[in-house]
Amino acid sequence: MGSRPYRRRLAWGAAALLAAGVAVPAAAFASDAGGSSDAPALSAGHGPKKAKNVILLIGDGMGDSEITLARDYTEGAAGRLNMDKFPLTGAYTTYSVDKDGKPDYVTDSAASGTGWATGRKTVNGRISKSPGTDKAMPTILELAQKNGLATGSVTTAELTDATPAVLASHATDRSCQGPADMKACPSDTVAKGGPGSIAEQSVNHKVDVLLGGGKARFDQKITEGAFAGQTVTQQAQKLGYQIVTDDKGLKAAKPGKPVLGLFADGNVPVEWTGKAAAQGGTEPQRCVTNNPERKAGTPELADQTRKALQLLEAKQKGAGSKKGFFLQVEGASIDKRDHAADPCGQIGETAALDRAVKVARAYAAEHPDTLVVTTADHGHTSQIVPLEATPPGLSSTLVTNEGRQLKVNYSTNTPGKSQEHTGTEVRIAAQGPLAERVLGVTDQTELFTTIRTALALR
């Protein structure tokens, strides 16, 4: 009994500090169960209770090590990235499950994305379908559409890759990206009464803005159903999509009709290059901040985010709707370059996502009824180690913008093999309505509930 007045004072004091703009340690609000039991009290004086819009920014594989590496290299050890400036920060767990619902401690992007997209865990490799019964589970994007919100998905990967796929498709296996890729998903084929490939489902969902790579998937021919003999791109055109393939086309896209942006045949080439990590390390290197494989006219992630926000907002205004939008933005190749033990590619993609975070936060500054969340889907392999360390795996020494040397190590797999995800918890940070729900240690699936509650989706 003696602890109750203290807990009330703690909750009241925390709310007052937040209202005053004072940072409060997240640990002060964590319950014994590891959640955020005092979170409702924190909402006092912290903006509106309901969000009109939600912007979710995902750094694929962007654990704390990846964030720290990008910060140290670009801003300096005492500097701060845009994603470091959110007022409320917590952590969430990322594990997946097996077909019986038992924990699989290291998730892939399909299962982790399914977690926040549906509020339920699934097996690695599955896209928004249940772990045991392989049944489609409603996604946050589908609920947003059902409730009259505009929707968008932006990525630096193929639009059919796991993270964007979890929003607007349901597939037994993440590999079933185009009509020619359905081997692992026989029951999902149109011939079997299924919804078709991830590419087909994405455009059938009439998502208002789809921007990313994967043109080759959309150029595959459909073999079954109403659009048989046509490519998925042609299907999209028939459904009213504006098709854009470069920065000029994106700038010219008009609201009122959905937009499909396909900026690369596969994943969008990364912004930075450099020498990959090697056994025994590398000579100290500076990253090259341009990539000759990235063709002229490829829009940056921040520019895609800015245009997506303009299109989604204009669509709702043009329709006379008072409802807002849901937008997901993914920095996908943080993960892909981490797998390849490529520190420069990885840092450049983290910096690119950070610029998109800046765009999102600037939009929210003018629209305080916008919830902005930045997080990752899982941890990854890179670790900053002492310069004198001699890691058994791959390592590279970088010369940071502060003129200091930094060694990064990749040792989650045998050299020559793809580096691996890790099972660590990852950061989640937020601002806006119900942002306090990210405090403490939560689970990935609770992000679904936060967004659904903030947007009052039924």
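**Describing the pairing of strand β11 (residues 370–376)**
Next, step 1: With seven of seven residues buried, β11 lies mostly within the body of the structure.
Next, step 2: Where burial is concerned, the two faces of β11 agree: the one with Thr370, Val372, Thr374 and Ala376 and the one with Leu371, Val373 and Thr375 are both buried.
Next, step 3: Sheet topology places β11 next to strand β15 (residues 426–431); four bridges connect them, and they run antiparallel. If you follow Thr374 over to β15, its bridge partner there is Ala429.

**Topic: the state of the cysteines**
Next, step 1: Under the definition given, this model contains two disulfides.
Next, step 2: With a sulfur-sulfur separation of 2.0 Å, Cys176 is cross-linked through a disulfide to Cys185. One disulfide, between Cys176 and Cys185, carries an S-S torsion of 95° and so falls in the right-handed class.
Next, step 3: Residue classification places Cys176 among the buried positions, given a relative accessible area of 1%.
Next, step 4: Sulfur-sulfur distance for the disulfide between Cys287 and Cys344 comes to 2.1 Å. Here Cys287 and Cys344 share a disulfide; its torsion about the S-S bond, -80°, makes the bridge left-handed. You can see Cys287 sitting in the loop between β9 (278–279) and α11 (301–318) and its partner Cys344 sitting in helix α13 (residues 343–366), a full 57 residues away along the chain.
Next, step 5: The exposure class assigned to Cys287 is buried, which follows from its relative accessible area of 10%.
Next, step 6: On the accessibility criterion, Cys344 (0% relative accessible area) is buried.

**A closer look at the packing of α11 against α13**
When two helices pack together, their arrangement is captured by the angle between the axes and the distance separating the axes.
Next, step 1: Contact geometry of α11 with α13 gives a least axis separation of 7 Å together with a crossing angle of 30°. It follows that α11 is roughly parallel to α13 by the angle criterion. Considering only the axes of α11 and α13, their crossing is right-handed. Between α11, through Leu301, Ala302, Thr305, Arg306, Leu309 and Glu313, and α13, the contact on the second element is made entirely by Ala352, Leu353, Arg355, Ala356, Val359 and Tyr363.
Next, step 2: Considering only residue class, the contact of α11 with α13 consists of eight nonpolar, one polar and three charged.

**A short note on the side chain of Asp338**
Next, step 1: Within the element layout of this structure, Asp338 appears in helix α12 (residues 333–339).
Next, step 2: Lacking a salt bridge, the buried Asp338 has Arg337 as its closest oppositely charged neighbour, with an N-O distance of 9.5 Å.
Next, step 3: A distance of 3.4 Å separates a polar side-chain atom of Asp338 from the backbone nitrogen of Ser382.
Next, step 4: Once residues lying within four places of it in the same chain are set aside, the contact partners of Asp338 are Gly61, Glu66, Gln346, His380, Thr381, Ser382, Tyr410 and Gln419.

**Quick notes on the sheet that holds strand β13 (residues 394–399)**
Next, step 1: The antiparallel open sheet is built from four strands, whose spatial order is β9-β13-β14-β12. Looking at strand neighbours, the two that pair on one side only are β9 and β12 (383–385), the edges of this open sheet.
Next, step 2: The pairing of β9 with β13 spans two bridges and is antiparallel. Within β13, the position partnered with Ala278 by the bridge is Ser395.

**Examining the confidence of the model for the chain**
Next, step 1: Summarising the model, the chain shows a mean pLDDT of 91, and 90% of its residues fall at 70 or more.
Next, step 2: Within the model, pLDDT remains below 50 along residues 1–41, and this stretch shows 43 contacts once partners closer than five positions in the same chain are excluded.

**Topic: the environment of Asp173**
Next, step 1: For Asp173, the location among the structural elements is in the loop between α6 (162–168) and α7 (198–204).
Next, step 2: Setting aside its immediate chain neighbours within four residues, Asp173 contacts Gly125, Ala184 and Cys185.

**Digging into the nonpolar core**
Next, step 1: Core analysis: the biggest nonpolar cluster contains 100 residues, and Ile55, Leu57, Leu260 and Leu327 have the highest contact counts within it.
Next, step 2: The greatest single-element share of this core, amounting to nine residues, is contributed by α13.
Next, step 3: Not counting chain neighbours up to four residues away, the residues in contact with Leu327 comprise Val54, Ile55, Leu56, Gly152, Ser153, Val154, Thr305, Ala308, Leu309 and Leu312.

Rules of the game
- For every chain, the first residue of the written sequence is number 1, and numbering continues from 1 along that sequence.
- Only residues with pLDDT of at least 70 are given local features in this predicted model, and only at 80 or more are side-chain atom pairs given and counted; all residues enter the totals for whole chains, interfaces and linings.
- Think of the side-chain values as coming from all heavy atoms in the structure, minus any hydrogens and water.
- Three exposure classes are used, based on accessible area relative to the maximum for each residue type with a 1.4 Å probe and protein chains only: buried under 20%, partly exposed in between, and exposed over 50%.
- Helix and strand definitions follow DSSP, with helices as H or I runs of at least four residues and strands as E runs of at least two, each counted in order from the N terminus.
- Two strands are counted as paired when DSSP detects at least two bridges linking them.
- The criterion for a disulfide is a pair of cysteine sulfur atoms lying within 2.5 Å.
- Only C-alpha atoms enter the line fits that serve as axes; for helices the fit covers just the stretch in contact. Angles between N-to-C directions range over 0 to 180 degrees.
- Reported orientations rely on four angle classes, namely roughly parallel under 35 degrees, roughly antiparallel over 145, roughly perpendicular from 65 to 115, and oblique for the rest.
- Whether a crossing is left-handed or right-handed is set by the direction in which the near helix is turned from the far one by less than a right angle, anticlockwise for left-handed and clockwise for right-handed.
- Note on contacts: a residue pair is in contact if any heavy atoms of the two residues lie within 4.5 Å.
- Gly counts as polar in this scheme, as do all residues outside two lists: the nonpolar Ala, Val, Leu, Ile, Met, Phe, Trp, Tyr, Cys and Pro, and the charged Asp, Glu, Lys and Arg.
- Charge convention: Lys and Arg are scored as positive, Asp and Glu as negative, and His as well as the terminal groups of each chain are ignored.
- Between Lys or Arg on one side and Asp or Glu on the other, a salt bridge is scored when a side-chain nitrogen of the former is within 4 Å of a carboxyl oxygen of the latter.
- By the criterion applied in these results, polar contacts are pairs of N or O atoms within 3.5 Å in which, for protein atoms, one can donate a hydrogen and the other can accept it, and in which residues neighboring in sequence qualify only through two side-chain atoms.
- Confidence scores labelled pLDDT are given residue by residue by the predictor and lie between 0 and 100.
- By convention a nonpolar core is built from buried Ala, Val, Leu, Ile, Met, Phe, Trp, Tyr and Cys residues, the set being connected through side-chain atoms within 4.5 Å.

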